[in-house]
Amino acid sequence: MNWTLVGASLYLVCGSAVFLFGIVILREAPGERLRRVAAAMMFFGGFGPLIGGLGMLLGTRGGTTFLGTDLATTFAYVWELFFPSLLLFALVFPREHPLLSRRPLLPWLLYLPYVFHLAFLLFLGRMGPALARFEPSAPFGIGGALGEFLRLGIGLGALALRLLARFHIRFFSFLDVLLVTLAIYLLARSFRETRVPKIRRQLRAVLFGLGSCVGLYALAVPLPNLFAATLPEGTRTILVTAALLVGTGAIGFAIVRASFLEVGTVFRRAFLFSLTFGALVAGFLLLARQMDRVLHVQAGTEIPFFQGLFVLLAIVFFHPILGRVERAVDRVLAGERAAHLVILRDLSREMTTAFDLALISSRTVRSLRDALAVDDVRLFLRDRSGERFLEHGPSQEIPSAFEASHPIARAAAGLLEPASARDLAEEPASADEREEVRKALHRLRAEIVVPVHLPGGGEGLGFLALGPKITGGRYNGEEIGLLSMLGTQIGFAARNARLHEEAVERRLVDEEIALARSVQESIVPRRSPRVDGIDVAAINIPSRQVGGDYYDLIPMENGDLGIAVGDVSGKGIPAALLMSMLHAALHVQMNRAARAAELVERLNRVLCRSTSVEQFATFFFGVYGKEDGVIRFCNGGHNSPFVLRADRRIETLTEGGLVLGFAEDASYGEGNVRVAEGDLAVFYTDGVTEEARDEEEFGERRLVETVARHRERSAAEIVEAVREEVARFAGHDRYADDFTLIVLRRGARVGGIA
């Protein structure tokens, strides 16, 4: 076997593969510095093996001309430009090192010694052997002492050049090792510092490939040169070839599996297309043509039946076969974590099952940081009021927010597809708003903005702001398509999460209301107290599940009866809470106050000190005397109760003062009224008299007339008659305000709670 031919073939194949990687990297975005540096690293790495393999092939045929073995081997030293390219790559990946901005000429300085090195090998290094063979007497006819002197000088010059060449080669071998060490150190430090999983996977693959490649190459070239060791040419060839295979294979693995420089999809599709097309051509040559030959022998004439059939089948099934091959290779090479569609699928699945907006936002931000290798990913969603766009995602000390009227919020809400920051900044009509958008985008470090909305557009629910990639690359078409679909998925998820959140809150509120209602029901009396000589009944119907009306019938130790009725400001739970506080304060202060007015003054101070200005209560408190039938009372701004006399005269109970909770130093007066046998005392809240029909209220006059018509009945029956009359007047049984009514008749007790 001709091992020289095998070695030359390996050189050519490996060099071509390295060149192919360089072309794929560069063609995606030739304007990006990182891609230019990576492509230069691949080109210089492939140029040496190509020239070396070409020189070996020419050497087997005796070639000694310009492209002969010696000169081709010299050109193989172009490979060494790989080392400054490697160091420069470590300075720009994954982030550009600050040293490059401070020293813009540094890239040129890294290459300058190697340019001189190549020039020395091409010219000065060849002068030593040429001078050693030079005979001054041949061209010039110089002999004698002068000829000997010239011969000695030329010999010394040739020796000096040979020594300089040997020192030069050893020095550059040391420089190669130094640059490689620095490059690996910088890449390893970047690996330790970065927290983006995708970049860490890329760095791990690149470090392994470059480390293995450079290690094998160092064993083959720099270390033997540095220590003046001699390796057999076959061993040297095997080590260099192994370095190329391991290095390019690992970098190819990084390109395909870890999406190194985002060229994995392009390279994989080109590779699969070529592989499938080559397989079809091979099948055509091996099967169709052979079968047509058999048919030709049998039929005696040439009939290209199977060739035509094969071509037809290839046209029909080429794309399905290509798709199957691509999916199979994706499973083997691409990996689940590196595929954009897989990331979208996983996010979509989680968004349809998760109803926690914080979890969805964090998962989205982290996944995009990993998939696209981006540090700055910000998700803004409208709040419930629709007036602000709040930032969501992993916990931050001070999340950003924009008013819905801010130009960037309005511009992002009007998008239907992802837009670059430059394009979005041109959306507003006025120059001032365009400047506001530019400032906001600069603060967010945004390079692309993705709208978050439901299918078909409509009101924007928010937007994603993504910063520049860590590697400095651009967003390609596949990634923009992914982001566009993801914006719709986030819109669905955000809406579902909000609906779920509102449903949960409603359920919690319902539970709290039920608890508040049970507490409120425990506060108001369940039945009338037994007090000799009177018939008393009461009703309380909240307009909502809990109300703000309050009443109490409090039997006292001496047989008297405390009567309290009030109406706190507001409705629902806040009103119920204030009512509960009023109830507690009443029962605490009753034993400390000798008079009704003093008790109301104490309650007013409690409310003023414990509530805001917006919270207040109208309140009436009186004590019915068992012995004399006199009600001693104080009215704190409440609807005036009245006493309906047996002769149908009306006497109102108005003495008192302001509503409770307005002025802490307010003073209150006290009045008294005697309830004779057969008289009715009626206490109520405005929910009874202000129930309306066609803007006409039920009113106090109708209340008095209804009580008067049923005055001969029991207190409970009078309460029920009033309730029915109000409902009949309003035309419904639902009340706009809390409905509270107390009726007290002096006489035999026959009533109770209605």
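Residues numbered from 1 in each chain as written. Predicted model: local features only at pLDDT ≥ 70, side-chain atom pairs only at ≥ 80, totals over all residues. Heavy atoms only, no water.

**Student:** Explain the overall build of the protein chain here, please?
**Tutor:** Broken down by element type, the protein chain carries 24 helices and 19 strands. Counting only residues that meet the buried cut, the protein chain has 47% of its 754 residues in that class. Sequence-distant contacts, at least 24 apart, represent 69% of the contacts inside the protein chain between residues at least 6 apart. When the accessible surface of the protein chain is split by element, carbon and sulfur atoms take 60% of a total near 37,600 Å². (Helix = DSSP H or I, 4+ residues; strand = E, 2+ residues; numbered from the N terminus. Buried < 20%, exposed > 50% of the residue type's maximum accessible area, 1.4 Å probe, protein only. Contact = heavy atoms within 4.5 Å. Areas by Shrake-Rupley, 256 points an atom, 1.4 Å probe, with all protein chains shown as cover.)

**Student:** Would you take a moment to explain the packing of helix α23 (residues 699–709) against helix α24 (residues 715–730) for this structure?
**Tutor:** Any two packed helices are characterised by the angle at which their axes cross and by the distance between the axes. Closest axis-to-axis distance for the α23/α24 pair is 9 Å, and the angle between their directions is 135°. On the basis of their axis angle, the class for α23 and α24 is oblique. With respect to the hand of their crossing, α23 and α24 are arranged in right-handed fashion. Across from Arg-702, Leu-703, Thr-706, Val-707 and Arg-709 in α23, the residues of α24 making contact are Ile-718, Ala-721, Val-722, Glu-725 and Phe-729. Tallied by class, residues from the contact of α23 with α24 come to 6 nonpolar, 1 polar and 3 charged. (Axes fitted to C-alpha atoms, helices over the stretch in contact; angles between N-to-C directions. Parallel < 35°, antiparallel > 145°, perpendicular 65-115°, else oblique. Left-handed = near helix turned anticlockwise from the far one by under 90°. Nonpolar A, V, L, I, M, F, W, Y, C, P; charged D, E, K, R; others polar.)

**Student:** Got a minute to help me understand a nonpolar patch on the surface in this structure?
**Tutor:** Nonpolar side chains collect at one region of the surface, where Leu-105, Trp-108, Leu-109 and Leu-112 lie side by side and expose about 510 Å² of accessible area between them. With respect to the helices and strands, Trp-108 occurs in helix α6 (residues 106–132). Given a relative accessible area of 64%, Trp-108 falls into the exposed group. (Patch = residues over 30% accessible without salt bridge, like charges linked within 9 Å, V, L, I, M, F, W, Y side chains within 5 Å. Salt bridge = Lys/Arg side-chain N within 4 Å of Asp/Glu carboxyl O.)

**Student:** Please explain the pairing of strand β11 (residues 630–636) as it appears in this structure.
**Tutor:** Each regular strand shows side chains that alternate between the opposite faces of the sheet. Counting buried residues along β11, 6 of its 7 residues qualify, which places the element largely inside the surrounding structure. Bridging between strand β10 (residues 617–624) and β11 involves 6 bridges; their strand directions are antiparallel. Its bridge partner lying in β11, Phe-620 is registered against Asn-635. Counted along the chain from β10 to the antiparallel partner β11, the turn is 5 residues long, and its residue Gly-629 has a positive phi close to 70°. In this structure, β11 lies alongside strand β15 (residues 671–674), joined through 4 bridges in antiparallel fashion. Bridge pairing in β15 links Arg-632 to Asn-672. Pairing of β11 with strand β14 (residues 656–657) involves 2 bridges; the strand directions are parallel. From the neighbouring strand, Gly-636 faces β14, where its bridge partner is Gly-657. (Pairing = 2+ DSSP bridges.)

**Student:** Can you help me understand the pattern of salt bridges in this one?
**Tutor:** Close approach of charged atoms allows side chains of opposite charge to pair. Summed over the entire model, instances satisfying the criterion amount to 23 salt bridges. Of the charged contacts, one joins Asp-376 and Arg-445 as a salt bridge, the two residues approaching to 1.9 Å between their closest N and O atoms. Within this pair, whereas Asp-376 is found in the loop between α15 (357–372) and β1 (377–382), its partner Arg-445 is found in the loop between α18 (431–444) and β5 (448–454), the two being separated by 69 residues in sequence. For Asp-376, a relative accessible area of 16% corresponds to the buried category. Look at Arg-445 and you get partly exposed, because its relative accessible area is 46%. The partner of Arg-388 in a salt bridge is Glu-403, with the nearest N and O atoms 3.4 Å apart.

**Student:** What exactly am I supposed to notice about the packing of helix α4 (residues 82–92) against helix α9 (residues 197–220) here?
**Tutor:** Interhelical geometry of α4 versus α9 gives an angle of 155° and a closest axis separation of 13 Å. In terms of their interaxial angle, α4 and α9 are classed as roughly antiparallel. By crossing handedness, the relation of α4 to α9 is classed as left-handed. From α4, Phe-82, Phe-83, Leu-86 and Phe-89 reach across to α9, where they touch Val-206, Leu-210, Val-214 and Tyr-217. Class assignment for the residues of the contact of α4 with α9 results in 8 nonpolar, no polar and no charged.

**Student:** Would you explain α4 in this entry?
**Tutor:** Since the α-helix turns once every 3.6 residues, residues separated by three or four places project in the same direction. With 11 of 11 residues buried, α4 lies mostly within the body of the structure. Looking at α4, one finds that the buried residues are Phe-82, Phe-83, Pro-84, Ser-85, Leu-86, Leu-87, Leu-88, Phe-89, Ala-90, Leu-91 and Val-92.

**Student:** In this structure, what is going on with the sheet that holds strand β7 (residues 534–541)? I would like to understand it.
**Tutor:** Neighbouring strands of a sheet are bound in pairs by backbone hydrogen bonds; such pairs are parallel or else antiparallel. Pairing within the open sheet is antiparallel, and its 5 strands lie in the order β7-β19-β16-β12-β13. Of all strands in the sheet, those with a lone pairing partner are β7 and β13 (650–652), marking the two edges. With strand direction ignored, the average angle separating the axes of adjacent strands in the sheet is 15°. Taken together, the 3 bridges between strand β12 (residues 642–644) and strand β16 (residues 680–684) define a ladder with antiparallel strand orientation. Note that in β16 the partner of Val-643 across the bridge is Ala-681. Packing against the sheet, α23 makes contact with β12, β13 and β16, and its axis sits at approximately 35° to β12.

**Student:** Quick question: what am I supposed to make of the side chain of Asp-383 here?
**Tutor:** Relative to the elements of secondary structure, Asp-383 occurs in the loop between β1 and β2 (388–392). No salt bridge is formed by the buried Asp-383, whose closest oppositely charged neighbour, Arg-388, lies at an N-O distance of 5.2 Å. A polar atom in the side chain of Asp-383 sits 2.9 Å from the backbone nitrogen of Gly-386. Sequence-distant contacts of Asp-383, defined by excluding residues within four places in its chain, comprise Arg-388, Leu-390 and Arg-498. (Lys, Arg positive; Asp, Glu negative; His and termini not counted. Polar contact = N/O pair within 3.5 Å; in protein donor to acceptor, adjacent residues only side chain to side chain.)

**Student:** When you look at the environment of Glu-80 in this model, what are you seeing that I'm missing?
**Tutor:** Inspection of the secondary structure puts Glu-80 in the loop between α3 (69–75) and α4. Residue classification places Glu-80 among the buried positions, given a relative accessible area of 3%. Distance from Glu-80 to Val-115, taken between C-alpha atoms, is 9.9 Å for residues 35 residues apart in sequence. Those residues in contact with Glu-80, other than ones at most four positions away along the chain, are Tyr-114, His-117, Asp-176 and Tyr-217.

**Student:** Mind showing me how you'd approach unusual backbone geometry here?
**Tutor:** In terms of backbone geometry, most residues other than glycine have negative phi values and most peptide bonds are trans. For Arg-445, which is not glycine, the phi dihedral falls at a positive 55°. With phi around 55°, Asp-694 is a residue other than glycine that occupies positive phi space. Residue placement: Asp-694 occurs in the loop between β17 (692–693) and β18 (696–697).

**Student:** Where do I start with α18 in this structure?
**Tutor:** With 14 residues, α18 extends 20 Å from end C-alpha to end C-alpha; this agrees with the ideal 20 Å at 1.5 Å per step. Residues of α18 that are buried include every one of Val-437, Ala-440, Leu-441 and Leu-444, and no others. The buried residues of α18 occupy an angular sector of 100° when projected down its axis, which confines them to one face. When the buried face of α18 is taken as reference, the exposed residues oriented beyond 90 degrees from it are Asp-432, His-442 and Arg-443. Just beyond α18, the residue with positive phi is Arg-445, at close to 55°. (Expected span 1.5 Å × (residues − 1). Arc of directions from axis to C-beta.)

**Student:** Is there a simple way to explain the environment of Ile-534 in this structure?
**Tutor:** The topology assignment puts Ile-534 in strand β7. For Ile-534, a relative accessible area of 1% corresponds to the buried category. The spatial distance from the C-alpha of Ile-534 to the C-alpha of Leu-680 is 9.9 Å, given a sequence separation of 146 residues.

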